[in-house]
Amino acid sequence: FDVNRLLAPFEREAGLTPKASAYGNWESSGLDGHIGGHYLSALALAVAATGDKELNARLDELLQRLTKVQ
């Protein structure tokens with residue numbers, strides 16, 4: 001998944017300019033951020049189970065960007 005598209009609803013709600021457009025369907029019709037939440041959980045579980053460095057880097061990027069949205 002493209003982190004920029006997953007974070008678009010959060011950035012938009014925070015008054016920031018998203019770096020990409022949000023995914024369609026649920027992500028643009030009232031359940032904005034739904035997929036992003038599942039993706040965050042999946043990455044956290046995968047990193048905890050495997051220690052995979054690439055997945056950990058994706059998780060870190062997602063978390064860093066979410067903390068900037070506040």
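Residues numbered from 1 in each chain as written. Predicted model: local features only at pLDDT ≥ 70, side-chain atom pairs only at ≥ 80, totals over all residues. Heavy atoms only, no water.

**Student:** How should the overall build of the protein chain be read in this particular structure?
**Tutor:** On a plain count of helices and strands, the protein chain comes out with three helices and zero strands. For the protein chain, the succession of helices and strands along the chain, N to C, is α-α-α. Taken over the C-alpha trace, the protein chain has a radius of gyration of 12 Å; the compact-globule value for 70 residues is 11 Å, and the two agree within 12%. Oriented by its inertia axes, the alpha-carbon framework of the protein chain measures out at about 35 × 25 × 15 Å. A burial count over the protein chain gives 26% of its 70 residues as buried. Pairs at least 24 residues apart make up 34% of the contacts formed inside the protein chain by residues separated by at least 6 positions. Of the roughly 4500 Å² of accessible surface on the protein chain, a fraction of 55% belongs to carbon and sulfur atoms. (Helix = DSSP H or I, 4+ residues; strand = E, 2+ residues; numbered from the N terminus. Rg over C-alpha atoms; globule rule 2.2 N^0.38 Å. Buried < 20%, exposed > 50% of the residue type's maximum accessible area, 1.4 Å probe, protein only. Contact = heavy atoms within 4.5 Å. Areas by Shrake-Rupley, 256 points an atom, 1.4 Å probe, with all protein chains shown as cover.)

**Student:** Where do I start with the confidence of the model for the protein chain in this structure?
**Tutor:** When pLDDT is low, close inspection of the predicted coordinates is not appropriate. In this model, the protein chain carries an average pLDDT of 89, and 97% of its residues clear a pLDDT of 70 or more. Taken element by element, the protein chain is modelled with least confidence in helix α1 (residues 3–13), mean pLDDT 89, and with most confidence in helix α2 (residues 34–50), mean pLDDT 94. (pLDDT = per-residue confidence, 0-100.)

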